[in-house]
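# Per-entry structural report
Letter by letter, the chains look like this.
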Amino acid sequence: MTPESDANLLRQFVEQQSDTAFAGLVARHIHLVHSVAFRQVGDAHHAEEITQAVFIIFAKKAATLRHEQALTSWLFHTTRLAAKNFLRGELRRREREQEAYMQSTLNEPEEVVWPHIAPLLDAAVEKLGETDRRAVLLRFYEGRSLQDVGPALGAS
């Protein structure tokens, strides 16, 4: 018996809301979607989340897909977009967590906070341009007054 084509299964799912047809499409393409997601995010658990999200999107948008369109290409493209969105969300989440952590440290005594802030401060100063870095180093690291910093940088 010849397996049904993606176009036929998609048609059955859209026209008859066939769970069997949808399950057949998922079974046929789940490895493709998961492997693309895994290559994008590098974490199996996150790849599983993305895979699930892609098939939810597919279920919602199935009626708008052309039956002759290559489902494999659509799933590949959708998986890459879902993975990029996931990574952006993870980055934003980490930034919010870092900000919350920094806010919580404002209420702690200086001797507790300083060991956590010092490496971040030095890394931030390192990223400054040469003039700005020299100004910060002279003013805050060497403790010079603004009257001393200006002439050292060639400014009034």
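This section reports on the structure supplied with the text. A quick note: this is a predicted structure, and the numbers were derived from the prediction, not measured.

## Thoughts on the packing of helix H1 (residues 6–16) against helix H2 (residues 19–41)
Where H1 meets H2, the closest approach of the two axes is 8 Å, and the angle between their N-to-C directions is 140°. Taken together, the axes of H1 and H2 lie oblique to each other. Viewed along their axes, H1 and H2 form a crossing whose handedness is left-handed. Judged by residue contacts, Asp6, Leu9, Leu10, Gln12 and Phe13 of H1 engage Ala21, Phe22, Gly24, Leu25, Arg28 and His29 from H2. In the contact of H1 with H2, the residues fall into six nonpolar, three polar and two charged.

## Some thoughts on the side chain of Thr78
When you line up the elements, Thr78 lands in helix H4 (residues 71–105). The residues touching Thr78, leaving out its near neighbours within four places in the chain, are Val54 and Ile57.

## A short note on H2
The sharpest bend along H2 measures roughly 50° and falls at His29. Of the positions making up H2, those classed as buried are Ala21, Phe22, Leu25, Val26, His29, Val33, Val36, Ala37 and Val41. Positive backbone phi, approximately 70°, marks Gly42, located one or two places after H2.

## Observations concerning the pattern of salt bridges
Applying the stated rule across the entire model yields five salt bridges. With its nearest N and O atoms 2.7 Å apart, the salt bridge here joins Glu90 to Arg93. Highlighted residues: Glu90 and Arg93, both in helix H4, separated by three residues, approximately one helical turn. The salt bridge partner of Arg133 is Glu130, with a shortest N-O separation of 2.8 Å.

## A closer look at the packing of H2 against helix H3 (residues 44–61)
Close contact between H2 and H3 brings their axes to 8 Å; oriented N to C, the two are set at 135°. In this view, H2 runs oblique relative to H3, as classed from their interaxial angle. Crossing geometry of H2 relative to H3 is assigned as right-handed. Within the contact between the two elements, H2 uses Phe22, Leu25, Val26, His29, Ile30, Val33, His34, Ala37, Phe38 and Val41 and H3 uses Ala44, His46, Ala47, Glu48, Ile50, Thr51, Val54, Phe55, Phe58 and Ala59.

Reading the values: the criteria
- Residues numbered from 1 in each chain as written.
- Predicted model: local features only at pLDDT ≥ 70, side-chain atom pairs only at ≥ 80, totals over all residues.
- Heavy atoms only, no water.
- Axes fitted to C-alpha atoms, helices over the stretch in contact; angles between N-to-C directions.
- Helix = DSSP H or I, 4+ residues; strand = E, 2+ residues; numbered from the N terminus.
- Parallel < 35°, antiparallel > 145°, perpendicular 65-115°, else oblique.
- Left-handed = near helix turned anticlockwise from the far one by under 90°.
- Contact = heavy atoms within 4.5 Å.
- Nonpolar A, V, L, I, M, F, W, Y, C, P; charged D, E, K, R; others polar.
- Bend = angle between axes of the 7 residues up to and from the residue.
- Buried < 20%, exposed > 50% of the residue type's maximum accessible area, 1.4 Å probe, protein only.
- Salt bridge = Lys/Arg side-chain N within 4 Å of Asp/Glu carboxyl O.

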